[in-house]
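Descriptive structure summary
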Amino acid sequence: MLLIAEIAQAHEGSLGIAHSYIDALAKTGVDAVKFQVHIAEAESSIYEPFRINFSKQENSRYDYWKRMEFSTEQWRELKTHCDKVNIEFMASPFSNTAVDLLEELDVKRYKIGSGEVNNFLLLEKIARTGKPIILSSGLSSFEELDDTVKFLKNKNIEFSILQCTTSYPTVPENYGLNVIKEMKKRYEVPIGYSDHSAKLETGIAAITLGAEILEFHAVFNREMFGPDASSSLELNEIKQLVSSIRNLENALQHKVDKDDNSSLLDLKEIFEKSLAVNKDLPLGHIITFEDLESKKPRGYGIPAFQFQQVIGKSIKSELKKWDFLKEDHIH
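Each residue is numbered by its place in its chain's sequence as written, counting from 1. Since the coordinates come from a predicted model, pLDDT governs what is reported: local features require at least 70, and pairs of side-chain atoms require 80 or more to be given and counted, while whole-chain, interface and lining totals use all residues. Side-chain calculation: all heavy atoms of the structure are included, whereas hydrogens and water are not.

A few points about the side chain of Thr28
- Numbered from the N terminus, helices here are DSSP runs of H or I no shorter than four residues, and strands are runs of E no shorter than two. By the element assignment, Thr28 lies in the loop between helix H1 (15-26) and strand E2 (32-37).
- Note on Thr28: relative accessible area 7%, which makes it buried.
- Within 3.5 Å is the distance limit for a polar contact, defined as a pair of N or O atoms, with the added protein rule that one can donate a hydrogen and the other accept it, and that residues adjacent in sequence qualify only through two side-chain atoms. Reaching out from Thr28, the side chain makes a polar contact with the backbone oxygen of Leu25 at a distance of 2.6 Å.
- Working rule for contacts: check all heavy atoms of both residues, and any pair within 4.5 Å makes them a contact. If sequence neighbours within four positions are ignored, Thr28 has contacts with Leu235, Ile238, Lys239 and Val242. For every residue, the accessible area obtained with a 1.4 Å probe (protein chains only) is divided by the maximum for its type, and the residue is called buried under 20%, exposed over 50%, and partly exposed between those limits.

Comments concerning the pairing of strand E7 (residues 191-195)
- Of all five residues making up E7, five are buried, and the element is well covered by its neighbours.
- Pairing between strands is defined by DSSP: at least two bridges between them are needed. One ladder, built from four bridges, connects strand E6 (residues 159-164) with E7; its direction is parallel. Bridged to Cys164 within E7 is Ser194.
- Seen with its strands pointing away from the viewer, a crossover is right-handed if its path from the first strand over the helix to the second goes clockwise. Handedness of the crossover joining E6 and E7 through helix H8 (residues 178-187): right-handed.
- Bridge count between E7 and strand E8 (residues 213-217): three bridges; the pairing is parallel. The residue bridging Ser194 from the neighbouring strand is Glu215, located in E8.

Quick look at the side chain of Arg109
- Summarising the element assignment, Arg109 is placed in the loop between helix H5 (96-105) and strand E4 (110-112).
- Residue classification places Arg109 among the buried residues on the basis of a relative accessible area of 17%.
- At a separation of 2.8 Å, a polar atom in the side chain of Arg109 contacts the side chain of Glu88.

Describing the packing of aromatic side chains
- In this scheme Phe, Tyr and Trp rings, the latter by its six-membered ring, pair at centre separations within 6.5 Å, and the angle between planes marks the pair as stacked below 30 degrees, edge-to-face above 60, and tilted otherwise. Throughout the structure, instances matching the rule amount to ten aromatic pairs.
- The interplanar angle of 35° and the centroid separation of 5.8 Å between the aromatic rings of Tyr300 and Phe324 together place this pair among those described as tilted. Of this pair, Tyr300 sits in the segment after strand E10 (292-295) while Phe324 is found in the segment after E10, placing the two residues 24 residues apart along the sequence.
- Judged by its relative accessible area of 19%, Phe324 falls in the buried class.

Focus on the sheet that holds E7
- Across the sheet, which stays open at both edges, the eight strands sit in the order E3-E2-E1-E8-E7-E6-E5-E4 with parallel pairing between neighbours. A strand with exactly one partner marks an edge of an open sheet, and here the two such strands are strand E3 (88-93) and E4. Along the sheet, successive strands turn relative to each other by an average axial angle of 25°, direction set aside.
- Sheet analysis places E4 next to strand E5 (residues 133-136), joined by three bridges and oriented parallel. Looking at E5, one finds that Lys111 is bridged to Ile134.
- With axes taken as lines fitted to C-alpha atoms, and helix axes fitted only over the stretch in contact, angles between N-to-C directions fall between 0 and 180 degrees. Packed onto the sheet, H5 meets E2, E3 and E4 and runs at close to 165° relative to E3.
- Against the sheet, helix H9 (residues 200-208) engages E7 and E8, with an angle of about 175° to E7.

What to know about the nonpolar core
- Among buried residues, the Ala, Val, Leu, Ile, Met, Phe, Trp, Tyr and Cys ones that are joined through side-chain atoms within 4.5 Å form a nonpolar core. In terms of nonpolar packing, the biggest core is built from 67 residues, with Leu25 and Phe89 touching the most fellow members.
- Counting eleven residues, the second largest nonpolar core, distinct from the first, contains Leu281, Ile302, Leu325 and Ile330.

Brief notes about H8
- If you check which residues of H8 are buried, you get Val179, Ile180, Met183 and Tyr187. The arc enclosing the buried residues of H8, seen along the axis, measures out at 110°, which places them on a common side. Pointing more than 90 degrees away from the buried face of H8 are the exposed residues Lys181 and Lys185.
- Packing partners of the buried residues in H8 comprise helix H7 (142-154), E6, E7 and H9.
- Downstream of H8 by a residue or two, Glu188 has a phi angle that is positive, lying close to 55°. The directions from the helix axis to the C-beta atoms form the arc being described.

Re the packing of H9 against helix H10 (residues 235-253)
- The N-to-C vectors of H9 and H10 enclose an angle of 20°; their axes lie 10 Å apart at closest approach. In terms of their interaxial angle, H9 and H10 are classed as roughly parallel. The chirality of how H9 crosses H10 is right-handed. The residues of H10 that touch H9, namely those facing Leu200, Gly203, Ile204, Ile207 and Thr208, are Glu237, Gln240, Leu241, Ser244, Ile245, Leu248 and Leu252.
- The nonpolar class holds Ala, Val, Leu, Ile, Met, Phe, Trp, Tyr, Cys and Pro. Asp, Glu, Lys and Arg form the charged class, and all remaining residues, Gly among them, are polar. For the contact of H9 with H10, the residue count by class is seven nonpolar, four polar and one charged. Throughout, the term roughly parallel applies to angles under 35 degrees, roughly antiparallel to angles over 145, roughly perpendicular to angles from 65 to 115, and oblique to all others. Handedness of a helix crossing follows the sense of rotation of the near helix relative to the far helix, less than a right angle counterclockwise being left-handed and clockwise being right-handed.

The structure is reproduced here in structure tokens:
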């Protein structure tokens, strides 16, 4: 199970804040932290509109990407920091130039954002590195994904796909949890889930439905500035989520055989019940349903599940209220 906490732009262009996120997330138990590598000149223009008009600092999306940039050396510092705290440095490139930068850092694999799924130029660039790809599918129909999957398979590249809804924050009606199994069957590659709901239960549900990768946005506080803050999990929530998923991972790896309950025999002796009578009964009384009770433990009277076999039979001797009903009490 691969758990990815996405820092994205939560660092607000501050190298110090980016480092603080790495330290904080390393303590939560996630496997990887993910950044986004934006190089404004290579990926954007002054014509790009804001997805969410959140910024009072920039006049254009291009200006925002410009403020989010780090130099190659600064990215190297972040990658080295991740290595030191034993957490994978992962990043989404949004241009071929960004891929070149990440290759200088020798990243392990690439994450592709939803808007780049049909960017075959970028996919070709990454495919030539020979490294694995995690593909987010938030903006793609199955028909579009089919084309991308065909492209990647022809390149003999190892890849996985994340069910994703590009809606911030995602409401329950749009989670698309059903798509996890549909993708598994359709593509026969590892399938995961990229979550923007800011809810713990969404990721937990995705894992139980078969997701092998879980990605979610991380933020120190959802009231912070930025386009993804409201759809992110806070650190204490991430700790809870990681703990829950690790427990589920362990549970899912250990299947219970409901055909074999031999290990429960001692408990069955304690918790299962024997038949008893709920009133004084005279010699020769014909037993009715209303005469019967079940009492613990099993083995002190006729088993409770056999009650139908004693109804209508007469008793050989008088019984006191709450006596266990035994085989030798009935004709």
